[in-house]
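Chains, contacts and geometry: an overview
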Amino acid sequence: MIYISTGIAILMALGVLFIRMKASSKPVSSKKIILPPIFMSTGALMFLFPFFRVTSAEILEALCVGMFFSIFLIKTSTFEIRDNDIYLKRSKAFAFILIGLVIIRLVGKLVLSSTIDVGQLSGMFWILAFGMIVPWRVAMYVQYKRLQNTMLNTAIVKAP
C-alpha cells in the first residue's frame, strides 16, 4: 500500500511539474488560480471514513508543515505582463523545490509509516498538501490581482 501511494505521489508530482511548465506559455486567469484548491477540497470527503481520521494534534502538525512548505512555492511563483496579458514566470528553482518537497514527503511517509496507520498517514499528507496549496494559491491570487490592477491603472492613465 505504501509503495502504491508513493508511486502515485511521484506521478502526481511529475504531472504538476509538467502542467506548471506548460502554464507559463498561456495567460493566467483568476479561475486557473482558484480552481485547483477547490477541486482538491473534495479529497476531504475521505475523513468521513474512520480509516482516514486524524487527531487534532496531527491536523495541526500537518497544517503547519504544509504552510511552511508553501513559503517555497510562493517565493518561486511570480507573474509578468506580456502582450497585455499576465503570465506565470517560468522558474527553474520551482522544479527543484517541487522535487525536493516530494522527496521530503516520501522520506517522511516511509519513516512515519512504521509508527502511524496508513489511513491516518494518508489523511495527514492530504492535510499537508492542502495546507500547502491553499496559502500558495491565495498568494498567487493576491499577486495576480495587484498586477491586474496595475495594468488597468496604466491603461487608464494612457487613455486620451
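The structure presented is a predicted model; accordingly, all values stated were derived computationally and were not measured.

**As for the packing of helix α3 (residues 56–75) against helix α4 (residues 92–112)**
One way to put it is that α3 packs onto α4 with a least axis distance of 9 Å and a crossing angle of 165 degrees. Classified by the angle their axes make, α3 and α4 are roughly antiparallel. Crossing hand, α3 versus α4: left-handed. Mapping the contact onto sequence places F69, F72 and L73 in α3 and F94, I97, L101 and I104 in α4. The residue inventory of the contact of α3 with α4, partitioned by class, reads 7 nonpolar, no polar and no charged.

**Overview of the side chain of K109**
Relative to the helices and strands, K109 resides in helix α4. Of the side chains bearing the opposite charge, D117 lies closest to the buried K109, which forms no salt bridge; the N-O distance is 13 Å. Setting aside residues no more than four positions away along its own chain, K109 makes contact with S5, T6, L121 and F125.

**Notes on the packing of aromatic side chains**
Taken as a whole and assessed by the stated rule, the structure comprises 6 aromatic pairs. Aromatic pair F47 and W126: ring centres 5.7 Å apart, planes at 70 degrees, arrangement edge-to-face. Taken together, the residues F47 in the loop between α2 (30–41) and α3 and W126 in helix α5 (residues 118–158) connect sequence positions 79 residues apart. Their ring planes at 65 degrees and their centres at 6.1 Å tell us that F79 and Y144 sit as a pair that is edge-to-face. With F79 in strand β1 (residues 79–82) and Y144 in helix α5, this pair connects stretches of sequence that are 65 residues apart. The exposure class of F79 is buried, given its relative accessible area of 8%. On the basis of relative accessibility, which here comes to 6%, the residue Y144 falls in the buried class. Of the aromatic side chains, those joined through ring pairs into one cluster are F47, W126 and F130. One cation-aromatic arrangement involves K109 over F125; the distance from NZ or CZ to the ring centre is 6.0 Å.

What counts and what doesn't
- Residues numbered from 1 in each chain as written.
- Predicted model: local features only at pLDDT ≥ 70, side-chain atom pairs only at ≥ 80, totals over all residues.
- Heavy atoms only, no water.
- Axes fitted to C-alpha atoms, helices over the stretch in contact; angles between N-to-C directions.
- Helix = DSSP H or I, 4+ residues; strand = E, 2+ residues; numbered from the N terminus.
- Parallel < 35°, antiparallel > 145°, perpendicular 65-115°, else oblique.
- Left-handed = near helix turned anticlockwise from the far one by under 90°.
- Contact = heavy atoms within 4.5 Å.
- Nonpolar A, V, L, I, M, F, W, Y, C, P; charged D, E, K, R; others polar.
- Buried < 20%, exposed > 50% of the residue type's maximum accessible area, 1.4 Å probe, protein only.
- Lys, Arg positive; Asp, Glu negative; His and termini not counted.
- Salt bridge = Lys/Arg side-chain N within 4 Å of Asp/Glu carboxyl O.
- Phe/Tyr/Trp six-rings, centres within 6.5 Å; stacked < 30°, edge-to-face > 60°.
- Lys NZ or Arg CZ within 6 Å of the ring centre and 35° of its normal.

In short, geometric facts, not functional conclusions.
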